[in-house]
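Spelled out from the first residue to the last, the chains are:
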Amino acid sequence: MKTLTQIWPDDLAQLYHEKGYWRGETFPALLRDRAVRFPGRVAVVGGDQRWTYADLHDKARHFGAGLLARGLVPGERVLIQMSNVPEYFIAVFGIFAAGLIPVFALPAHRRVELEHLARKSEASAIITQDRIERFDHSALVADLVADLPDLRMAIILGDTADLTSFDTITGNPATLPADPDPQSVAFLQISGGSTGLSKLIPRTHDDYIYTLRESARICEQDEKSVYMAVLPVAHNFTMSSPGVLGTFYAGGTVVLCPSPLPDVAFPLIRAEGVTITALVPPLALLWMDAAEKSRPNLPSLQLLQVGGAKFLPEAARRVTPTLGCRLQQVFGMAEGLVNYTREEDTDDITVTTQGRPISPDDEVRIVDDADQPVADGATGHLLTRGPYTIRAYHNDPAANQRSFTKDGFYRTGDVVSRLPSGHLIVQGRATDHINRAGEKISAEEIENHLIAHPDVFDAVVVSIPDAHLGERICAFIQPSGDDLKATDIRRWMRTRDIATFKTPDEIRFTDSFQTTAVGKISRRQLRGHIKDELLNG
Ligand code: J2J
């Protein structure tokens, strides 16, 4: 089996060690240490479960030993897909304890995405739930296990037919291996994906735990903090900025919110004394509107983090007056670099910028199309490298060629400007993905699904601004016959076994894409032309 690596050049690795960014911490050791230091503190609240650090540590170790007892071997990959349920943490920390490598799928993923992730990571097992949002995932994974030879085992939380029940996975913790090498890959996170399906992001124990430690410090998390997870826990934002794992790092409590709607979230904030939570901009708008009407009393809530997509200054200004807490903007990416506005920032900086990097050794370059630095303050492409930004995707030479410069900078695809203080302002994006309420959707991936329809001659997918979602998916379709309707396309997309958030919000038909008028052009240019026409008439 190929071992997973993420390699920084020796001189930089040495620097990151010397500066104390990489301290040799690992995930199994992290939970063990917190269980010793804070055994009786509540680590996780979800549904009717309430587990202390000692409980979580114990459950995770038994689960991890159970995975080994079932024949999994340290180093193998385990695809995990769950909604915000407490068992997620038993599974993830159990996988870590067993020396296995989790691969983080999203709850909305369906057959196409799961198959892609399983193949790309050569996963040996998948852990999911019987149903997520009423969709039958046990039937899906039964098919997947039958079709993928590497995938030997499906473990299901909830009702199982012929598959292995989550509750039966238990073993003797004495069989667990020693702690992993801190510089080894801890897990594979998934990318937003601008040119197709997600790429896999190998993050090491050392690099990721550095971000947890610093995120917890910047967000003033300690063992009294109560973090509410509203967005899916598998999202890198919810997982690590400081998210659920940063909260565990600080010894605080994670509360899992079953719904992002204010009538569920507000009472839970009050009941559990939630101090910090994180939203994408559309949900922040929803919460602020609800708060303006109902004037909820949320005295425990100190910090609302907003990120994943651009939060416009006019909306950002409303957070403190409506919700009575401080705002923090977060601009991050699963590949690494995370920026925060800080407590000491002025109100103006907090509402108009997306923050500044975690690390003094995060290198930020803002360049033009020819990779040359732009003048101070000018807008350009954001390139970055540093102590927690990957140097390569897993098993993807073509993407690596495109996404990294020769000297190891990651091409974020974001277009930004920088203030003299180092704060970044996201001005736009150079890649063709659609940021729909924080979910990144590849235009190319959707076009491929549309073109697969027998009555579609060609299709071009673009993002268009949306007051609620930030952006929505608009598909332009050139049919090959006369009778194709939008409902046919919607029905077709439902048969494609992909996450439902990828279904176009808007479908428009066109006779041709005018390619002759502009000569031979790339799909990117075509998307650009269509967008220009759409926005400028
Ligand atoms: C504008 N665009 C933003 C912001 C992300 C913390 C927070 C978010 C993510 C995340 C994350 C933005 N304003 N505030 O991993 O740890 C867009 C950019 C970026 C892409 C990354 C974290 N915050 N974005 O959203 O990997 O385009 O990570 O490159 O899902 O989201 O998406 P993702």
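Residues numbered from 1 in each chain as written. Predicted model: local features only at pLDDT ≥ 70, side-chain atom pairs only at ≥ 80, totals over all residues.

The name an unreviewed UniProt entry gives the chain is AMP-binding protein, with Qingshengfaniella alkalisoli as the organism. If you open the UniProt record of the chain and go to Pathway (unreviewed entry), you find "Siderophore biosynthesis." (UniProt positions renumbered as here; feature names shortened; annotations may be inferred.)

A few words now on the sheet that holds strand β20 (residues 380-385). Across the sheet, four strands lie side by side as β19-β20-β21-β22; this open sheet has antiparallel pairing. Edge positions in the sheet fall to β19 (363-367) and β22 (424-429), since each of these pairs with one other strand and no more. Mean inter-strand twist for the sheet, computed between neighbouring axes without regard to direction, equals 45°. Looking at chain direction, strand β21 (residues 410-418) and β22 are connected through five bridges and run antiparallel. Its bridge partner being in β22, V415 is matched across the sheet by G428. (Pairing = 2+ DSSP bridges. Helix = DSSP H or I, 4+ residues; strand = E, 2+ residues; numbered from the N terminus. Axes fitted to C-alpha atoms, helices over the stretch in contact; angles between N-to-C directions.)

Here the bond from S241 into P242 is cis, since omega is -20°, no more than 30 degrees from zero. Here P242 is to be found in the loop between α8 (236-240) and α9 (243-250). Positive phi outside glycine occurs at E122, with the angle close to 50°. Note on placement: E122 falls in the loop between α5 (111-121) and β5 (123-129). On the basis of neighbour count, E122 is assigned to the partly exposed category, with 16 C-beta atoms found within 10 Å. You will see that E220, though not glycine, has its phi angle at about 55°, which is positive. Since 16 C-beta atoms lie within 10 Å of it, E220 is described here as partly exposed. (Buried ≥ 20, exposed ≤ 12 C-beta atoms within 10 Å, placed from the backbone.)

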